[in-house]
Amino acid sequence: MARHVLAALALALAGPGVLHAADYSGPLFDAHLHYNEEAQSPHPLPDVLARMQRNGVEAIVSNSRPNDGTKALASSPLTRAAGVTVVPFVRLYRDRADYDNWFRDESIYELVQAELARGTAAGPFRGIGEFHLYDSTNANGPVAKKLMALAEERNLAVLAHVDDVAIDLLMANTPSKGQKVRLIWAHTGIGGAPAARVDQLFTRYPLLMGELSYRPGLTCDGGKLCPEWRELLLKYPARFMIGSDTWVNQRWQYYDELMKGYRTWLGDLPPDAARRIAWENGATLFGVK
Ligand SMILES: [Zn+2]
């Protein structure tokens, strides 16, 4: 209940005319947030926290290149004061070069192990990623295989920017063959895997979750949900989450508009489904109260 009140207050403070009456007005869980090196000077902590707060974002999955950004968010008293809960993930990248090589680079596996051992001031890391696979066959790279097995063994979530073929390959690389690992599919397939294919993968892997930033075909006229995606979200209201994907600074500049866009189409769903996708699914997954 407190979260309802806080979110409503934050939105009221943002000023009149920001939201339409039918928009979703409850709390948001941003399940795909980066606070990368280049963002930190133009957008210091008070700036990014103010953006979250005025948009009713009360919890975030944070993963940053390098991991210092996430640790700064997790450890600052300002974060607590802003009412934001940080769910920290280990980013696999020290720099841009690691994007194309992490899946076969043993030093990345060592980096992940070291970060997991260290944790953050807000507690242990809860997941691994976001990682990218631009060629799905690299899901079978030696380090990709080891990390998927590690995630399942340690009960860590995985945030993966991959295509639908790689989802099957990554799942096959876990001891349970994908039945027990918490894989969050970043963008639910940025290449636009058909809704029927997403449906098939959700059926096959009961813990697979879909994060919806940049998802092609999600919204249609007026920022409302397209019919086939509305149907899919209503079929699996416990399996989707929203995210900002602040991968470049421009995404921070438009953070208000991104969140407003989510509130528009969330308002198009029955209130229970909207609240689950906006907040509850992430909160449940990571035990955020
Ligand atoms: Zn991302």
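Residues numbered from 1 in each chain as written. Predicted model: local features only at pLDDT ≥ 70, side-chain atom pairs only at ≥ 80, totals over all residues. Heavy atoms only, no water.

**Q** Explain the coordination of the zinc ion to me, please; I cannot follow it from the model alone.
**A** A four-donor tetrahedral metal ideally has 109.5 degree angles, and a six-donor octahedral metal ideally has angles of 90 or 180 degrees. At this site the zinc ion is bound by His32 (NE2), His34 (NE2), Glu130 (OE) and Asp245 (OD), with donor distances of 2.0 to 2.3 Å. Geometry at the zinc ion is irregular, judged from its 4 donor atoms and the angles of 85 to 171 degrees they form at the metal. If you list the donors of the zinc ion from N- to C-terminus, the spacing comes out as H-x1-H-x95-E-x114-D. Of the two residues, histidine 32 and histidine 34, neither departs from the other in class, the shared state being buried. (Donors = N, O, S within 2.8 Å, 3.2 Å for Na, K, Ca; no water. Tetrahedral: all angles 85-135°; square planar, octahedral: opposite > 155°, others 65-115°. Buried < 20%, exposed > 50% of the residue type's maximum accessible area, 1.4 Å probe, protein only.)

**Q** Would you mind showing me how to read the sheet that holds strand β8 (residues 240-241) here?
**A** Here we have 8 strands laid out as an open sheet, ordered β1-β2-β3-β4-β5-β6-β7-β8, and parallel in their pairing. Only two strands of the sheet have a single partner each, and these edge strands are β1 (28-33) and β8. Taken together, the 2 bridges between strand β3 (residues 85-90) and strand β4 (residues 127-132) define a ladder with parallel strand orientation. Within β4, the residue paired with phenylalanine 89 across the bridge is glycine 127. (Pairing = 2+ DSSP bridges. Helix = DSSP H or I, 4+ residues; strand = E, 2+ residues; numbered from the N terminus.)

**Q** Just checking my understanding: could you explain the packing of helix α5 (residues 106-118) against helix α6 (residues 142-154) for this structure?
**A** The relative placement of two packed helices is expressed as an angle between their axes plus a distance between the axes. Where α5 contacts α6, the axes come no closer than 9 Å and their chain directions differ by 20 degrees. Classified by the angle between their axes, α5 and α6 sit roughly parallel to one another. Considering only the axes of α5 and α6, their crossing is right-handed. Facing α5, whose interface residues are Glu106, Tyr109, Val112, Gln113 and Leu116, α6 presents Val143, Lys146, Leu147, Leu150 and Arg154. Looking at the contact of α5 with α6 residue by residue, the classes come out as 6 nonpolar, 1 polar and 3 charged. (Axes fitted to C-alpha atoms, helices over the stretch in contact; angles between N-to-C directions. Parallel < 35°, antiparallel > 145°, perpendicular 65-115°, else oblique. Left-handed = near helix turned anticlockwise from the far one by under 90°. Contact = heavy atoms within 4.5 Å. Nonpolar A, V, L, I, M, F, W, Y, C, P; charged D, E, K, R; others polar.)

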